[in-house]
Amino acid sequence: MNKFEYLRKQMIDYQLAARGLRDRTVLKAVSAVPREAFVPADLVEFAYNDSPLPIAASQTISQPYIVALMTAALELKPEERVLEIGTGSGYAAAVLAEIAKEVYTIERHKILADTARIRLEELGYNNTQVLYGDGTLGWPEYAPFDAIVVAAGGPDVPQNLKQQLAIGGRLVIPVGTTMRTQKLLRVRRISEDEFHEENLGDVRFVPLIGAAGWEDETADKAVTEKIEASLPELIYQSSEHFASIDHVNLDNLLERIGDSRLVLLGEASHGTAEFYEMRARITQELIEKKGFTIVAAEADWPDAAHIDRYIHGTAPDPLLESRPFSRFPTWMWANHSVLEFTHWLKAHNDKIASFDKQVGFYGLDLYSLFHSMEVVLNYLDKVDPDTAEVARLRYGCLLPWASDPGMYSQVTITKQYKECEEDVLATLQDLLNKRLEYAWADGERFFNVEQNARLVTNAERYYRTMYYAENNSWNQRDQHMFETLQAVLAFRGPDSKAVVWEHNSHIGDARATQMSARGEFNIGQLARQEYDDAAYLIGFGTDHGTVAAASEWGGPMEVKQVQPSHIESYERVCHEVHTDNFLLPLRKPLQEITRTKLLAERLERAIGVIYRPETELQSHYFYASLPRQFDEYIWFDESRAVEPLTKETTKGVPDTYPFGL
Ligand code: SAM
C-alpha cells in the first residue's frame, strides 16, 4: 500500500465511517478515486485532510466528507445518469463516475473545465463529459437525469434543474439566503409537477453564480477576466528572462534540475543555432557543476565515436578532418555550433587526467547499419579472424541493400528475399558469448563494437518493419535510443549522469502529445517511466526567424524563413509574452495557475530536417499539453539558421528517414 492509499483508507475510516456514513457503494467509490490527482501539485500532501482545498480560479475542491455525503444523498444506482453542477477539480465527478453509468458535469470557469476534462480522461473516466458553461441552465440535450447534484450554493432551486429531473429523480443542492451559508436540500420528483423537499443540514459552499444563481460579483468578475485574459502575462510572471545565451544565469535551472541523473534537451527544429548554443551552455554547466560525463546525441553511433575519440585526445578533429556526418542531413551535426561545443569538450577533457572522469560523446541513433557492420568486421578481423569470417558471411545477407537500406524494407515485405534477422542476431550473440574474452583485452573498444553489433540488429528490424508499420518502426528507433543510453550509463558506472540532445518530439513525454494516440512512445517517455523525477525534460521553442532545412528527402540544405506561429499554438502564446528569451519552469512553476492554464492542449510546432511552410499546419503542427510533455520550456522569440560546416550535401538515405525528426 503506498502513502496515498494509506491516507485514503484513514480518510474513509476517520472522516467518513466515523461520522456515520455507512453507504458501502459510496465508501467503495471514494476509496477508488485518487484524490491526490485532483489537488494542486503543491498541496498533494494535504489531499486527504478533512477540509476543502483551494484550486484555480479562486474555487475549492470540496471536503471529502461533503462529497461522500452528497453522493450518498443521491441514492445512485449503477444504471443511472447523473448531472453535476460545479465540476471544480473533477474529484466529485470521478466519485460519481465510479457508481453511475454516465456523468455529465458543468463548470463555469474554462480553466477548471479544461483541466478537469484532461484529468478525468487521463484517469480513465470515459463515462464522464465536461461542459464549460452556466450549470444553472442544466444540460437539456442529455435530460432527463436520474440525479442532479449542485456543488455550489444558490438562492433557490433552479427551475431548469427541477425540470430536467426524471420522475423519481433526486436533486441535491445547497440553498441559502446569503452567498456563503446554506442548507443542503434534497428534492425528489414525485410526478410531472410534484416535488418533495428534505433538509439534510447546514453547509457552506462557494456561491452558485449564473442565470438562476447569484449575480456575478464585480470582484469575482475581475478575477475571472484577469485569469481568462492573460496567459502571456502569467507566463511573463512565471518565467526567467535573459538577454543572451552567453550571459544567461543558469543557477536557478541547475537548482531545479537538482540531482537528476538524466537531462534531456530538446529542439523545435534540426536547424536552429540558438537551440544548439543554449544546449551547449546548459551542458557545460552540468559538466562543470554537477559532474555529468555523458553527452548523448540523436546522431549515429560510429559518427559520434569520431567526436568521442577527438575529445579524448586520441584522434584529430573529425569535423575539420575526416568529416563524419557526411550523409543527409549533414548540417544537423556538422555545423559551427557543434564544432565550437566539441572544442570546448576537448579543452575540458584536456584538464582531466583520468580517462574515466572525462566527458564522452555518444550517438544514440540507428541509421548507420552498414558503417556499423564495417566496425564489427574490422574489429573481429583483428581479434578473432575465424569469427570474423562467419560474421562476414552472415552480414552478407544485408549487403545487396547497402546503398539503400530502405529497399530492404520493401523487399522483405514481398517475401521474395530472405530476411536477415537470424543472421544479424547470431553475430551479436557470438560477440556476446565471447564478451569476457574480448572485453578483458580491451574494454572501451569492445563496448564500441558491441554497440555497433546491437545497432545492426535493431536497424535490421527497423528497416524490415518500416513499410508495414510506421509507428512500430518509430518505436523501435526510440527504444534503440533508450537502450543505447542505458548501455552507456551502465558502462560509465552507477554514478554516471547523462545529457541527451534530441528533437523535442523524441525527448518530450509522448504521452502528452498526439503521438500516443498512434501508439507511439519516445525516449522522453521511456526515461520518465524508468527514472521518474530523476529525468528532467527540457523543450525548446521559437516564433519566427530562419532555419536550416531541406524541402524534400535528400535535398540540399536551404536557409528558410520560419513562419510566425499559428494562432492556436503554444508558440503564439509565448510570442505574445513580448519578450525575447525566457526559461519557463513547468514542473515546479513559479505560479501554479500558469501551469494549470497551459495544461489544456494546444498546437505545437515541430520542424525536422524538412520544412514545408506551404503546408505548415498539416506537416508541422500537432497537439500536445506542454506542462505534461516537458519539465521546462526554453523560448527564443526570434531565431536564426544553424551554419553548416560545408555547403555541399551528399545524397543518400536521410539520417532520419522516414520521420525527418
Ligand atoms: N465538485 C468540485 C470538486 O470536486 O472539486 C468542487 C466544486 S466547488 C465547491 C464549486 C464549483 O462550482 C466551482 O468550481 C465554481 O466555479 C462552480 N460554479 C459556480 N457556479 C456555477 C455555475 N452556474 N455553473 C457551473 N459551475 C458553477
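Residues numbered from 1 in each chain as written. Predicted model: local features only at pLDDT ≥ 70, side-chain atom pairs only at ≥ 80, totals over all residues. Heavy atoms only, no water.

Asker: Residues and numbers for the overall build of the protein chain, please.
Answerer: Each helix and strand counted, the protein chain has 25 helices and 20 strands in total. The C-alpha extent of the protein chain, read off along each of the three principal axes, is 95 × 50 × 50 Å. Within the protein chain, the proportion of its 661 residues that are buried is 60%. Taking all contacts inside the protein chain whose residues are at least 6 apart in sequence as the whole, residues at least 24 apart take part in 71%. Per element, the accessible surface of the protein chain, about 27,300 Å² overall, is 50% carbon and sulfur. (Helix = DSSP H or I, 4+ residues; strand = E, 2+ residues; numbered from the N terminus. Buried < 20%, exposed > 50% of the residue type's maximum accessible area, 1.4 Å probe, protein only. Contact = heavy atoms within 4.5 Å. Areas by Shrake-Rupley, 256 points an atom, 1.4 Å probe, with all protein chains shown as cover.)

Asker: Outline the packing of aromatic side chains, supporting the account with residue identities and numerical values.
Answerer: Evaluated as defined, the whole model comprises 22 aromatic pairs. Between Phe 4 and Tyr 48, the aromatic rings sit 6.3 Å apart at their centres with planes inclined by 40°, giving tilted as the arrangement. With Phe 4 in helix 1 (residues 3-16) and Tyr 48 in the loop between helix 2 (24-32) and strand 1 (53-55), the pair connects residues that are 44 residues apart, well separated along the chain. On the accessibility criterion, Phe 4 (17% relative accessible area) is buried. On the accessibility criterion, Tyr 48 (6% relative accessible area) is buried. With a centroid separation of 4.9 Å and an interplanar angle of 20°, the aromatic rings of Phe 341 and Trp 501 are classed as stacked. Of the two residues, Phe 341 sits in helix 12 (residues 336-350) while Trp 501 sits in strand 14 (residues 498-501), which places them 160 residues apart along the sequence. A network of ring pairs unites the aromatic residues Tyr 104, Trp 139, Tyr 142 and Phe 145 as a single cluster. We note Arg 35 situated over the ring of Tyr 91; from NZ or CZ to the ring centre the distance is 4.8 Å. We note Lys 162 situated over the ring of Phe 195; from NZ or CZ to the ring centre the distance is 4.8 Å. (Phe/Tyr/Trp six-rings, centres within 6.5 Å; stacked < 30°, edge-to-face > 60°. Lys NZ or Arg CZ within 6 Å of the ring centre and 35° of its normal.)

Asker: Pulling in residues and values, what's your account of the packing of helix 11 (residues 301-311) against helix 12?
Answerer: Running from N to C, helix 11 and helix 12 point in directions that differ by 40°, and their axes come no closer than 8 Å. With respect to helix 12, the axis of helix 11 lies oblique. Within the contact between the two elements, helix 11 uses Ile 307, Tyr 310 and Ile 311 and helix 12 uses Thr 342, His 343, Leu 345, Lys 346 and Asn 349. (Axes fitted to C-alpha atoms, helices over the stretch in contact; angles between N-to-C directions. Parallel < 35°, antiparallel > 145°, perpendicular 65-115°, else oblique.)

Asker: Help me get a handle on the domain arrangement of the protein chain, residues and values and all.
Answerer: Its domain assignment divides the protein chain into domain 1 (3-203) and domain 2 (226-271 + 539-642). Listed as interface residues are 12 residues of domain 1 and, on the opposing side, 10 residues of domain 2. Across the domain 1 to domain 2 interface the summed buried area is about 830 Å²; carbon plus sulfur atoms make up 66%. There are 1 salt bridge connecting domain 1 and domain 2. A salt bridge links Glu 122 to Arg 628; the shortest N-O distance between them is 2.3 Å. Applying the counting criterion to the domain 1 and domain 2 interface returns 1 residue pair in polar contact (both at pLDDT 80 or more). A breakdown of the residues in the side of domain 1 that touches domain 2 according to their chemical character gives 6 nonpolar, 2 polar and 4 charged. (Domains from an automatic or database assignment. Buried area = accessible area lost by both parts, 1.4 Å probe. Salt bridge = Lys/Arg side-chain N within 4 Å of Asp/Glu carboxyl O. Polar contact = N/O pair within 3.5 Å; in protein donor to acceptor, adjacent residues only side chain to side chain. Nonpolar A, V, L, I, M, F, W, Y, C, P; charged D, E, K, R; others polar.)

Asker: How would you sum up the site of the ligand? Please name residues and give values.
Answerer: Taken together, 27 residues are adjacent to the ligand, and Ser 89, Glu 107, Asp 134, Gly 135 and Ile 209 come closest. Gly 86 places a polar main-chain atom, nitrogen or oxygen, 3.2 Å from a nitrogen atom of the ligand. With respect to the ligand, the side chain of Ser 89 contributes an N or O atom lying 2.6 Å from an oxygen atom. Protein chains shield 99% of the accessible area of the ligand, which is 600 Å² for the free molecule. (Near = heavy atom within 4 Å.)

Asker: Tell me about unusual backbone geometry, and name the residues and values.
Answerer: Looking along the chain, the bond that leaves Ala 143 and enters Pro 144 is cis, with omega of 0°. Mapped onto the elements of the fold, Pro 144 is located in the loop between strand 5 (128-132) and strand 6 (145-150). Residue Glu 75 is not a glycine yet carries a positive backbone phi of 50°.

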